[in-house]
Amino acid sequence: MVITIPLVLLLAVALLLLLRFKAVGAGVAVVVALFGFYLADTGAADTVNQLVTAVTGALADAGR
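Everything in this summary refers to the structure shown in the same document. (Residues numbered from 1 in each chain as written. Predicted model: local features only at pLDDT ≥ 70, side-chain atom pairs only at ≥ 80, totals over all residues. Heavy atoms only, no water.)

Topic: the overall build of the protein chain
Formally: Here a strand is any run of E in DSSP of at least two residues, a helix any run of H or I of at least four, and the numbering for each starts at the N terminus. The reference for a compact globule is 2.2 Å times residues^0.38; the radius of gyration itself is calculated from the C-alpha atoms. Note on classification: 1.4 Å probe, protein chains only; a residue is buried when its accessible area is under 20% of the maximum for its type, exposed when over 50%, partly exposed between these limits. Accessibility throughout is a Shrake-Rupley quantity obtained with a 1.4 Å probe, and a residue counts as covered only by protein chains that appear here.
In terms of regular secondary structure, the protein chain is built from three helices and zero strands. Relative to the compact-globule value of 11 Å for 64 residues, the protein chain shows a C-alpha radius of gyration of 14 Å, a clear excess of over 25%. Within the span of the protein chain, comprising 64 residues, buried residues form 3% of the whole. For the protein chain, the accessible area works out to roughly 5,600 Å², and carbon and sulfur atoms hold 73% of it.

Let's talk about helix 1 (residues 7–20)
Heads up, the rule is: Take the residue count of a helix, subtract one, and multiply by 1.5 Å to get its expected span.
Between the first and last C-alpha of helix 1 there are 20 Å, a value that for 14 residues agrees with the 20 Å anticipated at 1.5 Å per step. Once helix 1 finishes, K22 follows within two positions and takes phi at roughly 60°, a positive value.

Remarks on unusual backbone geometry
Where the residue is not glycine, phi is negative for most of them; where a peptide bond is considered, it is trans in most cases. With phi around 60°, K22 is a residue other than glycine that occupies positive phi space. Along the polypeptide, K22 turns up in the loop between helix 1 and helix 2 (26–40). Overall, K22 belongs to the exposed group, its relative accessible area being 71%.

Some words on the environment of V31
Here V31 shows up in helix 2. With a relative accessible area of 54%, V31 lands in the exposed category. For the pair formed by V31 and Q50, sequence separation is 19 residues and the distance between their alpha carbons is 23 Å.

Next comes the structure, spelled out in structure tokens:
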């Protein structure tokens, strides 16, 4: 049985944990979120998507 979790959900949980344990402030969290939205509108979005796909594929293959 394969369970998939969206990467956005994992990143949201990580951000919430960082905020909870005061590793980052609310201002930093907002800046990071805005950076992600602006990055998605650039030409780098395809490269970032390909990189994330390659890393998650490698991690999935390593678990087998």
